[in-house]
Amino acid sequence: MQTNPSLRYLMAIALLITGIAACEKKQLETIGVPAITGVSKYLLHVGDTLVITGSGFSAKPADNQVAISTSALSVTQASANQLSAVVQTGTQSGQLTISLPGGRSAVWDSTIQIIGATQPYITSITPSIAWNGDTVIIRGGNFGVPGTTNDVVISGITCTLYNATDSLLRVILPDNAHSGALTVTTNGVTSPAVNFTVEKINPLQDGRLYFVAASSGYGTTFTQIYRGADSAFAFPYGTVAYSNTTANEFTLPYGEVQQGYGVEPLPGDAQGNAYYLYNLTNQFGQASTEYQVVKLSFNGGSITHTVLQDKDWGSDNTYLSAGFPYTVTIPVAPDYLTIDGNTMYEHIGVTNTWYTADLTAATPTFVQQNGVLNDSTGFGLQFTPNYLFYDLGGSNNYYSLSLITQVRYQHRGSDTTTKAVPIPAGESVLLNLSSPGHGDNVLIFTETSDATPNVKIYKFNPSGPTLQLLYGPGNWIDAPQPGYLLNTTGFLWAGSHIYYTANGHSPKDVNNNATYSGLYVINDDGSSPTPRNVYPRLEPATLINALGSFPLFAGKQ
């Protein structure tokens, strides 16, 4: 049968249209692009199954090409939103990728770690953020027993490990630890690194901190003033780099800086300048009878020295014999500086003689004042808006801590009756401190007479008047003092914080002596659960015969 030519023509057109439509449909067909939104774990052993969540996967396992680094994984289960893949022998740590035939690959941002049979690994760290001195618990596997076979290192600093199992380590973060990569090395094999955050105190929260570091020994005696860095991270062990130093600031650090075991701060005026006494030496390097009062002005990284008083006080002495196994000779010379706003008080010997000077004057003049206190042997003078506080003893505390018998106070108005702070029995006074902005409150530091002495910090206000215990052996790790010499010194009250130096946290040398001192801070209301480190090390690593006492000062930025 013959087909009508017109019909054949119509059928050809229909076939042509169908072909074109089919081509257009094929051209519009989309190719699936996979995306990864999560993985079940980051640490894997050979044979482990990795579960991957996302989108755009193929429901056919063989169509999904899963790899870590350059090693393919065996996909065992697949759906559009989830894949299960098994780690194969020889797989190395690296990035996770997924691709579909003819499609683009998806890459997971974080590295997937493949753990060897004996390689230690970390699964969690508790807490996730910690402070220097805190205990950190590391969980994982392949750790060594005994604990000495493990080294826990954060940013190159080795932590103190005190407990270990094959799956758990307990370490203490040292004072110089800082944020960075944390690893565990067991028998020479190192785990994959885990980033860890170490919290740090802002050293500038109460002003720029300055401190004095000194040495005392034959041929090595010198003292230097240092300007604290902007961050604790700038003070790593062994490479102390200070922005300002002045060599031989004091030639005799014990005589000119340290007024007793408490180690008073460098006194400051209302403008943020600091002051100190300087005893000049004679031609033989010994103390002379000439003293200077020196002003320190801070300007950024520089310190300007101005001598306000330079006087030879002569060879007069005061002789004390009562209560001493031998006669004590005390020079009639300056031994203490204190400041009330912009008025300096300079104490002379063991007498009730003072010199005062207006520090706002271009050239301050020192004027003798007699009878400033009601007691002739009062010293350690501190000022509050309405009261004078001072230590009382047979002489000043330049000679013996046991000579401080009381802290007394008197009103600055018409009622000048002397009253005593009720110091508990069995405790001797180290020092007392006042601070601007704290009203008539003072801090009083004592030491117990126990077999193992303890330092305590009290707050006192005459309106009470009772002592409020802020810190002691019950809530302060640095309260116990293990030896004859205090390992906690150099107190400073600035803002709402108490700063002090301590060497009890440093590693021990072969003779079990502390090797350096750090600067610490606690809240002035007794609320600190533990001291926080400000600077991990104060004295230079090269300092010989370093003293464990650091007069402090909070000054201008």
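Fair warning: this is a prediction, and the values are worked out from it, not measured in the lab.

Novice: What should I look at first to understand the overall build of the chain in this one?
Specialist: Within the chain, the regular secondary structure consists of two helices and 44 strands. Looking at the 557 residues of the chain, the share that counts as buried comes to 48%. Nonlocal contacts in the chain, meaning residues at least 24 apart in sequence, comprise 51% of its contacts between residues at least 6 apart.

Novice: Help me out: how do you make sense of the packing of aromatic side chains in this one?
Specialist: Any two aromatic rings considered together are summarised by their centre-to-centre distance and by the angle between their planes. Considering all chains together, one arrives at 14 aromatic pairs under this definition. Plain terms: the ring middles of Y345 and F383 are 4.8 Å apart, the flat faces sit at 40° to each other, and that makes the pair tilted. Pair noted here: Y345 is in strand β29 (residues 343-348) and F383 is in strand β32 (residues 378-383), with a separation of 38 residues, a long-range link. Ring geometry for Y387 against F389: centres 6.4 Å apart, planes inclined by 50°, an arrangement best described as tilted.

Novice: How should the pattern of salt bridges be read in this particular structure?
Specialist: Close approach of charged atoms allows side chains of opposite charge to pair. The tally for this structure, following the rule as stated, stands at four salt bridges. The residue D134 makes a salt bridge to R532 at a minimum N-O spacing of 3.2 Å. Pair noted here: D134 is in the loop between β12 (129-131) and β13 (135-141) and R532 is in strand β43 (residues 532-535), with a separation of 398 residues, a long-range link. Residue class for R532 comes out buried when judged on its relative accessible area of 16%. The salt bridge partner of K456 is E427, with a shortest N-O separation of 3.1 Å. Here K456 is found in strand β38 (residues 455-460), whereas its partner E427 is found in strand β36 (residues 427-433), with 29 residues between them in sequence.

Novice: Got a minute to help me understand the sheet that holds β13 in this structure?
Specialist: Strands in a sheet are paired, the pairing made by backbone hydrogen bonds, and the direction either parallel or antiparallel. If you walk across this open sheet you meet the four strands as β11-β13-β17-β16, and the pairing is antiparallel. Since the sheet does not close on itself, it has two edges, and those belong to β11 (121-126) and β16 (160-164), each with one partner. Between one strand axis and the next, the sheet turns through 30° on average, direction left out of account. Where β11 lies against β13, five bridges are found, and the strand directions are antiparallel. In the strand pairing of β13, I125 is matched with I138.

Novice: Looking at this model, I keep getting lost on the sheet that holds strand β30 (residues 353-358). Mind explaining?
Specialist: The strand order β28-β29-β30-β31 describes an open sheet built from four strands, whose pairing is antiparallel. Since the sheet does not close on itself, it has two edges, and those belong to β28 (334-340) and β31 (367-370), each with one partner. Neighbour-to-neighbour, the strand axes of this sheet turn through a mean angle of 30°, independent of strand direction. In this structure, β28 lies alongside β29, joined through six bridges in antiparallel fashion.

Novice: How do you make sense of the pairing of strand β40 (residues 488-494) when you look at a structure like this?
Specialist: Within a regular beta strand, the side chains point alternately toward one face of the sheet and then the other, so they alternate between its two faces. For β40, the tally of buried residues reaches seven of seven residues, placing the bulk of the element in the interior. When β40 meets strand β41 (residues 497-502), the two strands line up antiparallel, connected through five bridges. Looking across to β41, one finds that A494 is bridged to H497.

Novice: Even after reading the chapter, I still don't get the side chain of H347, so can you show me in this structure?
Specialist: Counting through the fold element by element, H347 comes out in strand β29. Look at H347 and you get buried, because its relative accessible area is 2%. Of note is the side chain of H347, whose polar atom sits 2.9 Å from the side chain of D335. Those residues in contact with H347, other than ones at most four positions away along the chain, are A333, P334, D335, Y336, T353, W354, G378 and F379.

Novice: How should I be thinking about unusual backbone geometry in this particular structure?
Specialist: With the exception of glycine, the majority of residues adopt a negative phi angle, and the majority of peptide bonds are in the trans configuration. With an omega of -5°, the peptide bond running from T126 to P127 counts as cis. For P127, the position within the fold is in the loop between β11 and β12. Residues V145 and P146 are joined by a peptide bond in cis, for which omega reads 10°. Examined against the element boundaries, P146 turns out to sit in the loop between β13 and β14 (150-154). Phi angles above zero are rare outside glycine, and N187 is one such case at about 50°. Within the secondary structure, N187 is located in the loop between β18 (180-186) and β19 (189-190).

Criteria and cut-off values
In this numbering scheme, every chain counts its residues from 1 along its sequence in written order. Under the rules for a predicted model, residues below a pLDDT of 70 receive no local features and side-chain atom pairs below 80 are neither given nor counted, while totals for whole chains, interfaces and linings still include all residues. Excluding hydrogens and water, the side-chain figures rest on all heavy atoms present in the structure. The helix and strand labels rest on DSSP assignments: H or I over at least four residues marks a helix, E over at least two residues marks a strand, and numbering proceeds from the N terminus. A 1.4 Å probe rolled over the protein chains alone gives each residue an accessible area, and that area as a share of the maximum for its type sets the label: buried under 20%, exposed over 50%, partly exposed in between. Any pair of residues with heavy atoms lying within 4.5 Å of one another is described as a contacting pair. Put simply, two rings from Phe, Tyr or Trp (the six-membered ring, in Trp's case) pair if the centres are within 6.5 Å, and we call them stacked under 30 degrees between planes, edge-to-face over 60, tilted for the rest. The salt bridge criterion pairs a side-chain nitrogen of Lys or Arg with a carboxyl oxygen of Asp or Glu, the two atoms within 4 Å. A pair of strands counts as paired when DSSP detects no fewer than two bridges linking them. Helix axes are fitted to C-alpha atoms over the stretch in contact, other axes to C-alpha atoms as well, and angles between N-to-C directions run from 0 to 180 degrees. Two N or O atoms form a polar contact when they lie within 3.5 Å of each other; inside protein one atom must be a possible hydrogen donor and the other a possible acceptor, and for residues adjacent in sequence the pair counts only when both atoms belong to side chains.

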